[in-house]
Amino acid sequence: MGVRPPSNDVDEEPDVVEFGIAALDARLADADVSFPATAEELREYFGDATVPYDASGNEMPVAEALAEADGESFDSEDELLNALHPVFERKRQAASTSLVKQLRGLVPF
């Protein structure tokens, strides 16, 4: 997933804020990961790395997402991303429904 950040006329910022499987996909493109791969191999590779799961920048460790995913082996990158999508989506929805998050959304700064 991705969301366009607010415009403040600074050219140094990215055009899109990536989160969820889009952010993980970007990391996988730069990674030296081959498939098929087990969840354990991926946990070892990513270590303590985190991935944002919403546009606010809230993050979760890749290892935690893998632990919550269905399956312990992934034949392809697409299979991995499809397995992790519901994990990131649940986390995003849980964060967006919290009272504090809703109140922050009402405050303009």
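All values reported here derive from a predicted model rather than from experimental measurement.

Analysis parameters
Residues numbered from 1 in each chain as written. Predicted model: local features only at pLDDT ≥ 70, side-chain atom pairs only at ≥ 80, totals over all residues. Heavy atoms only, no water. Helix = DSSP H or I, 4+ residues; strand = E, 2+ residues; numbered from the N terminus. Buried < 20%, exposed > 50% of the residue type's maximum accessible area, 1.4 Å probe, protein only. Contact = heavy atoms within 4.5 Å. pLDDT = per-residue confidence, 0-100. Salt bridge = Lys/Arg side-chain N within 4 Å of Asp/Glu carboxyl O.

Caption draft 1: Focus on the overall build of the protein chain. Along its length, the protein chain carries five helices and six strands. Along the protein chain, helices and strands appear, N-terminal first, in the series β-β-α-β-α-β-β-α-β-α-α. Counting every position in the protein chain, which comprises 109 residues, the buried fraction comes to 27%. Contacts spanning at least 24 positions in sequence make up 51% of the contacts within the protein chain whose residues lie at least 6 apart.

Caption draft 2: Looking closely at the confidence of the model for the protein chain. Per-residue pLDDT for the protein chain has a mean of 83; in total, 75% of the residues score no lower than 70. Ranking the elements of the protein chain by mean pLDDT puts strand 1 (residues 2-3) last, at 54, and strand 6 (residues 73-74) first, at 96.

Caption draft 3: Representation of the pattern of salt bridges in the model. In the structure shown here, the tally under the stated rule is four salt bridges. Where arginine 43 meets glutamate 40, a salt bridge forms, and the shortest distance between an N and an O atom there is 3.5 Å. Here glutamate 40 and arginine 43 lie together in helix 2 (residues 39-46), a separation of three residues that amounts to about one turn. Here arginine 43 falls in the partly exposed class, since its relative accessible area comes to 22%. What emerges from the salt-bridge pattern is a single network uniting Glu40, Arg43 and Glu72.

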